[in-house]
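# Coordinate inspection notes
In case you want the letters, here they are:
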Amino acid sequence: MGETPTVTEVGERLSRTVSLTDDVSRLRYASGARRVSLGRLGLDRVRDVLLHVPSRYLDYTSRVDIAHADVGSEVTVVGTVDKVTLKRPRPRMAIVEIFLLDDTGVIEVTFFRQPWLAEQIKRGDTLAVSGKVTFEYGFKRMKAPFHERLASAGESTDYARILPVYHVCEGLSVAWVRRIVSSALEDAGDVCDFLPASLVCERGLMSLGRALREVHFPSSLAAKERARRRLAFDELLCLQLALRCRQNIQLAGVEPRVHVVNGPHVAALRAALPFSLTDEQGRAVEEILRDMASDQVMNRLLLGDVGTGKTAVAAFALAAAADSGSQAAMMAPTSVLARQYAQKLGPLLDEAGVSWALITGATAPAEREASCTALALGQTTVVFGTTAVLSDDVAFDKLSVVVIDEQHRFGVDQRAALRRKGPGADLLAMTATPIPRTLALSLYGDVQRSVIRHRPHPGAGVRTTCLPIERLDLAYGAIREAVDAGRQAYVVCPLADDADEGEELDDVPEAEVSRSQNVRSAASSLRELSRGALRGLRLELLTGRMPAAHKDEVMERFRSGKVDVLVSTTVIEVGVDVPNATVMLVYDADRFGLATLHQLRGRVGRGDCEGQVFLSCAAKKGSPARERLAALERTSDGFELAELDLRLRHEGEVLGYRQHGGGPELKISDLVGDADLVELAHEDALELARRDPELASAELRPLAREVQDRFGAYFEEVERT
């Protein structure tokens, strides 16, 4: 047994005791400049520090001697620095070479573009390095390994067996974060568990207090993983509960509308369709109409890959609004897509006896005024439009159905503004971005899902080819052949014009992007192609910066065949339907996310002829960028690509998908490795919400506070809108 603490020691401990909600400056070592650096990492309170889990660990229990560090293996080596050399083989290139010794041998360690290491690391220091072992010029070597100085020359090398490594920023070293975390555990680590004891027991979870200690300073790697999974479960459960609470707030005091779903307009629409619904489409229609006929507000997401017929499915919701004597709005992210919906669905609605109007930024003032008057009087049932529908002059008599296409392209405020025009309106959101189930639960845990995986008419398909820039003549030849055969083509560029040269293009990891000097812009490519490889063809430019009316004119000329090649940005990514277009060339394809590329190639091969897509990339064969693009050559299944991208890059940017207007930030959980926890958290959230929707019982109040603390911004967001 330990000695009984003195009164002075007890007093010191009490004076150091801090709460989880205290400012981080209450912790030892966390004041002054280090407090500022902690703030840059988002660590503003004590609880933030405790939940700042290590990004990796140095496991000295499995370190190897230099002699036993096998070439080609990933190992951790600890040795004494024998020599440090700084070399500058060319301007702006610094190389630091370090020779590391232990009792069994020597290894050369090389760092690039970090000249300051030559000042920080001295002969006699104890250094740990982790990386891949190679053999060159007679020495075992490591290039750019993870490293940590364990002790300066002459100091003791008493270090932990498993050492945590944290994300840091300027002004804050890993060693300082360890000290700060250690003080937080000592002063505030004895936390009460906010999960019900029955749930902790049922799921076999580690206690919260032990999990916090083991995740930072683990007794073993197995214990570390159990601790991390406990904290990941907490994060996922709180997110699921936050989503359900957000839905409760959104629907508080709302009077749901029970729609008529088997009326004459729905029947007439079904008869007007020039095709029969597939089983998947029919099931999606049934799910949507069942929601609309219930006494609960519909909140459904329609997931369907490119060309799976989501538009036809959504049309049934519009017809049901007409049968119910109310109105519907269908909002698209671009005027091109809104006009296309009007052109495709308008004739079907006409045959079904449903009146409609189109309102975009390009709508003529007189036409807009007439449409707004008819909507306000209830004389028009359906409106297709862009964000122009959100304007104050657009009012509805009885808006009961809202359909939003590619809803992630709209901000939270925009989506809420449309729903405010019809309190209690049923919501159907659509997206052609395939989303893996685990990610869908995290983004839309409060939303019902309908999925259409297969195209009703696969057609001739699309062949995708990655091209190095020196073989672009193959793509140019394919475009000329297509035009000679009476077909059309797209050329897609990452930038609109040359002024965008420094613009951030996509959320693609920097390491996966080729370092080509010149990134293509649509404007410069139009000039170059018109004078060179595609001279004599009819080329036109389309970018998102052009006025809406001009974009519509260009798109209409292309659709009618008056333009051979459309040189554009990703403005054509969503929904553009020109069956006569069969070839696409994408410049600098490694600058785009997989979802964008998958959506883009969905613009060709929509008719009877096979589509050809050429992805131009300056990256070398075998590089991460080329490997990522190769997935598009192997498969055309968007859901398969989504799962692949989730494994490769996790939830940060799955298939390039963006949550405009905010989304959950998962700091601990891994939607690939923790897929089982996602499902369990979803089940538990449903059960807890069923038992106690407000989480108001004494047993669940601590959990409710934790949900509010972690994801309170969700509730503020809803209340603000």
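Just above, that's the structure.
Residues numbered from 1 in each chain as written. Predicted model: local features only at pLDDT ≥ 70, side-chain atom pairs only at ≥ 80, totals over all residues. Heavy atoms only, no water.

## Quick look at the overall build of the protein chain
Our working rule: In DSSP terms, a helix is any run of H or I states spanning at least four residues, a strand is any run of E spanning at least two, and both are numbered starting from the N terminus. Exposure categories follow from relative accessible area, calculated using a 1.4 Å probe and restricted to protein chains: below 20% of the type maximum is buried, above 50% is exposed, and the middle band is partly exposed. Any two residues whose heavy atoms approach within 4.5 Å are treated as being in contact. The accessible surface values rely on the Shrake-Rupley method and a 1.4 Å probe; as for residues, cover is taken only from the protein chains in view.
Across its full length, the protein chain holds 23 helices and 21 strands. Looking at the protein chain residue by residue over its 721 residues, the buried ones come to 54%. Considering only contacts in the protein chain between residues 6 or more positions apart, those separated by 24 or more positions represent 74%. Accessible surface for the protein chain amounts to roughly 32,000 Å². Of this, 49% is attributable to carbon and sulfur atoms.

## Here's the deal with unusual backbone geometry
Its identity as a non-glycine residue notwithstanding, Tyr137 has a phi of 55°, on the positive side. Locating Tyr137 in the fold gives a position in the loop between β5 (126–136) and β6 (139–143). For Tyr137, a relative accessible area of 74% corresponds to the exposed category. For Ala144, which is not glycine, the phi torsion reads 50° and is therefore positive. Relative to the elements of secondary structure, Ala144 occurs in the loop between β6 and β7 (146–151).

## As for the pairing of strand β3 (residues 93–102)
The condition that has to hold: Here, any two strands with at least 2 DSSP bridges between them count as paired.
Buried residues dominate β3, accounting for eight of its ten residues. By the bridge criterion, eight bridges tie strand β2 (residues 74–90) to β3 in an arrangement that is antiparallel. Residue pairing in the sheet places Lys87 in a bridge with Ile95 of β3. Connecting β2 to the antiparallel partner β3 that follows it, the hairpin turn spans two residues, and Arg92 within it adopts a positive phi of roughly 60°. Across eight bridges, β3 lies against strand β4 (residues 105–112) in antiparallel orientation. Bridging across to β4, Glu97 finds its partner in Thr110.

## Quick notes on the side chain of Lys310
Summarising the element assignment, Lys310 is placed in helix α11 (residues 310–323). Apart from the residues within four sequence positions on either side, Lys310 is in contact with Leu302, Leu303, Gly304, Asp305, Met430, Thr431 and Ala432.

## Here we look at the packing of helix α12 (residues 335–351) against helix α18 (residues 548–559)
What counts is decided by this rule: Here, axes are lines fitted to C-alpha atoms. For helices the fit covers the stretch in contact, and angles between N-to-C directions go from 0 to 180 degrees. Working definition: roughly parallel below 35 degrees, roughly antiparallel above 145 degrees, roughly perpendicular at 65 to 115 degrees, and oblique for all remaining angles. Left-handed describes a crossing whose near helix is turned anticlockwise from the far helix through less than a right angle; right-handed describes the clockwise counterpart. The nonpolar class holds Ala, Val, Leu, Ile, Met, Phe, Trp, Tyr, Cys and Pro. Asp, Glu, Lys and Arg form the charged class, and all remaining residues, Gly among them, are polar.
For the pair α12 and α18, the least separation of the axes is 9 Å and the interaxial angle reads 55°. Here α12 is positioned oblique relative to α18, judged by the angle of their axes. In this structure, the crossing between α12 and α18 has a hand that is right-handed. For the pair formed by α12 and α18, the contact residues are Ser335, Val336, Arg339, Gln340 and Gln343 on the first element and Ala548, Lys551, Asp552, Met555, Glu556 and Arg559 on the second. Grouping the constituent residues of the contact of α12 with α18 by class yields three nonpolar, three polar and five charged.

## Some details on the packing of aromatic side chains
Put simply, the rule reads: A pair of aromatic rings is counted whenever rings of Phe, Tyr or Trp (Trp by its six-membered ring) have centres within 6.5 Å, and the orientation is called stacked for planes under 30 degrees apart, edge-to-face for over 60 and tilted otherwise. Consider the ring centre and the ring normal. A charge sits over the ring if Lys NZ or Arg CZ is within 6 Å of that centre and within 35 degrees of that normal.
Under the counting rule described, the total for this entry stands at four aromatic pairs. Between Tyr29 and Trp176, the aromatic rings sit 5.9 Å apart at their centres with planes inclined by 50°, giving tilted as the arrangement. On the criterion of sequence distance, the pair formed by Tyr29 in the loop between α1 (7–16) and α2 (32–40) and Trp176 in helix α5 (residues 174–188) is long-range, its members being 147 residues apart. Their ring planes at 55° and their centres at 5.1 Å tell us that Tyr490 and Phe558 sit as a pair that is tilted. With Tyr490 in strand β17 (residues 488–492) and Phe558 in helix α18, this pair connects stretches of sequence that are 68 residues apart. Here Tyr490 matches Phe558 in class, with each residue buried. It is Arg230 that lies over the ring of Phe194; its NZ or CZ is 5.9 Å from the centre. Positioned above the aromatic ring of Tyr587 is the side chain of Arg520, whose terminal nitrogen or guanidinium carbon lies 4.0 Å from the ring centre.

## Some details on the sheet that holds strand β14 (residues 426–431)
Across the sheet, which stays open at both edges, the seven strands sit in the order β11-β12-β10-β13-β14-β9-β15 with parallel pairing between neighbours. Two strands lie at the open edges of the sheet, namely β11 (356–359) and β15 (448–452), each paired on one side alone. Sheet twist, expressed as the average angle between the axes of neighbouring strands with direction ignored, equals 15°. In this sheet, strand β12 (residues 382–385) lies alongside β11 in parallel orientation, the contact comprising four bridges. From the neighbouring strand, Ile359 faces β12, where its bridge partner is Gly385. Across the sheet, helix α13 (residues 365–376) touches β10 (327–331), β11 and β12, and the angle it forms with β11 is around 135°.

## Topic: the sheet that holds strand β18 (residues 539–542)
Taken in spatial order, the six strands line up as β16-β21-β20-β17-β19-β18 in an open sheet, and their pairing is parallel. Each having just a single partner strand, β16 (462–467) and β18 make up the two edges of the open sheet. Across the sheet, the mean angle from the axis of one strand to that of its neighbour is 20°, orientation sign disregarded. For β17 and strand β20 (residues 581–586), the ladder comprises five bridges, and the chain directions are parallel. Counterpart to Ala489 in the pairing with β20 is Val583. The strands touched by α18 are β17, β18, β19 (565–568) and β20; relative to β18, the strand with the most contacts, the crossing angle is about 140°. Helix α19 (residues 594–601) rests against β16, β17, β20 and β21 (611–616) of the sheet, and its axis sits at about 155° to β20.

## With respect to the nonpolar core
Nonpolar side chains in soluble globular proteins tend to end up buried together. We apply this condition: For this analysis, a nonpolar core means a set of buried residues of the types Ala, Val, Leu, Ile, Met, Phe, Trp, Tyr and Cys, connected via side-chain atoms within 4.5 Å. Boundary definitions for the domains trace back to an automatic or database domain assignment.
Of all hydrophobic cores here, the largest spans 64 residues; its most connected members are Leu27, Leu195, Leu237 and Leu703. Of the residues forming this core, the biggest block, eleven residues, is contributed by helix α8 (residues 221–251). Taken domain by domain, the makeup of this core includes at least three residues from each of domain 1 (1–60 + 174–190) and domain 3 (264–452). In contact with Leu27, not counting residues within four places along its chain, are Val18, Val46, Val49, Ile180, Ser183 and Ala184. Of all hydrophobic cores here, the second largest spans 41 residues; its members include Met298, Leu302, Val313 and Phe384.

## Remarks on the pattern of salt bridges
Put simply, the test is: Here, a salt bridge means any Lys or Arg side-chain nitrogen found within 4 Å of an Asp or Glu carboxyl oxygen.
Taken as a whole, this structure holds 40 salt bridges when the rule is applied. For Glu610, the salt bridge identified is with Arg463, shortest N-O distance 3.4 Å. Here Glu610 is found in the loop between α19 and β21, whereas its partner Arg463 is found in strand β16, with 147 residues between them in sequence. On the basis of relative accessibility, which here comes to 38%, the residue Glu610 falls in the partly exposed class. The closest approach of N and O atoms between Asp564 and Arg538, which form a salt bridge, is 2.9 Å. In this pair, Asp564 is assigned in the loop between α18 and β19 and Arg538 in the loop between α17 (522–531) and β18, connecting sequence segments 26 residues apart. Asp564 sits in the buried class, given a relative accessible area of 9%. Linked through salt bridges whose partners overlap, the residues forming this network are Arg45, Arg47, Asp48, Glu706, Asp709 and Arg710.

## Some points on the packing of α19 against helix α20 (residues 624–634)
Across the interface, α19 lies against α20 with an axial gap of 11 Å and an inter-helix angle of 35°. Considering only the axes of α19 and α20, their crossing is right-handed. Of the residues in α20, those in contact with Leu594, Leu597, His598 and Arg601 of α19 are Arg628, Leu629 and Leu632.

## Description of α19
Burial analysis of α19 places eight of its eight residues in the buried class, which makes it a mostly covered element. Along α19, the positions that sit buried rather than exposed are Leu594, Ala595, Thr596, Leu597, His598, Gln599, Leu600 and Arg601.

## Focus: the environment of Phe111
Note on placement: Phe111 falls in strand β4. For the pair Phe111 and Ile95, spaced 16 residues apart in the sequence, the C-alpha separation amounts to 5.8 Å. Once residues within four sequence positions are removed from consideration, Phe111 is found in contact with Ala94, Ile95, Val96, Ile98, Leu117, Ala144, Pro145 and His147.

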